[in-house]
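# Architecture and fold: a report
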Amino acid sequence: CGRDWSSDVCSSDLDAAQRGQVRAKKALQAHTEFFFENGSLSFDSYQSRKMSNGAINSLEDLLPFAHLARTMPDNICIARAKQWILNYVKNPKRKEFTTEGCYTLAYPLMEMARIGNDAKCAEYAIGEILKRDAILRSDIGDVSQRGVLPDKTGLKNWSRGVAWYILGIVKTLQSMRQ
């Protein structure tokens, strides 16, 4: 049985569970527990690599940490994910930006900031949204899925990329507002 963390928990980030509907909340909790072995997070990355103890392989692995920040804020994997994100966003040599990062990086980081009452992390989350918007959105509103500095972009108006872009902005702002 595969343990595809990002797509499983991502699709399980149920609004019903967030609104407190008991059956949805129980189902999401049971599904989340599937990814823990003896209290340690274990999942297959999108590249089918076995990841354990909160290890992160890429931006693709980060989205479910938004849910975990809400439901298991004291789990050590949250601190590890937060540190991975902060190392990533503070990297001065970073030249590539994608729409996924709006949803899979900025949103989980904002949830961690909100839950942990961490204003600096909240600034980094908003900074990622603003940086990605400046690089990926054109003056006429086109959204490129990928941007490589100084000025190369690709996959203009790709529907999945636009969805990640919009979801990231909306979910990050919703989290910030709470």
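Coordinates for the structure precede this section.
Residues numbered from 1 in each chain as written. Predicted model: local features only at pLDDT ≥ 70, side-chain atom pairs only at ≥ 80, totals over all residues. Heavy atoms only, no water.

### Some thoughts on the pattern of salt bridges
Once their charged atoms are close, side chains differing in charge can pair, the charge on each being opposite to the other. Across all of its chains, the model carries eleven salt bridges by this definition. The residue Lys82 makes a salt bridge to Asp118 at a minimum N-O spacing of 2.8 Å. Remark: Asp118 occurs in the loop between helix H6 (100–116) and helix H7 (119–136) and Lys82 occurs in helix H5 (residues 76–89); sequence separation between them is 36 residues. Since its relative accessible area comes to 21%, Lys82 is described here as partly exposed. As a salt-bridge pair, Lys120 and Glu123 come within 3.7 Å of each other at their nearest N and O atoms. Placement of the pair is Lys120 and Glu123 together in helix H7, with a separation of three residues, close to one helical turn. Among the charged side chains, a salt-bridge network with shared partners connects Arg94, Glu128, Lys131 and Arg132. (Salt bridge = Lys/Arg side-chain N within 4 Å of Asp/Glu carboxyl O. Helix = DSSP H or I, 4+ residues; strand = E, 2+ residues; numbered from the N terminus. Buried < 20%, exposed > 50% of the residue type's maximum accessible area, 1.4 Å probe, protein only.)

### Side note on the pairing of strand E2 (residues 40–44)
Burial analysis of E2 places four of its five residues in the buried class, the great majority of the element. When strand E1 (residues 36–37) meets E2, the two strands line up antiparallel, connected through two bridges. Bridge pairing in E2 links Phe36 to Leu41. Between the antiparallel neighbours E1 and E2 lie two residues, among them Asn38 with a positive phi of about 55°. Note: E2 against strand E3 (residues 50–52), three bridges, orientation antiparallel. If you follow Phe43 over to E3, its bridge partner there is Met51. Between E2 and E3, which pair antiparallel and follow one another directly, the connecting turn spans five residues, one of which, Ser48, has a positive phi of 65°. (Pairing = 2+ DSSP bridges.)

### Considerations on the sheet that holds E3
Read from one edge to the other, the open sheet built from three strands follows the order E1-E2-E3, with strand pairing classed as antiparallel. Each having just a single partner strand, E1 and E3 make up the two edges of the open sheet.

### Considering helix H4 (residues 64–71)
Most of H4 is tucked away: six of the eight residues are buried. Among the residues of H4, those classed as buried are Pro64, Phe65, Ala66, His67, Leu68 and Ala69.

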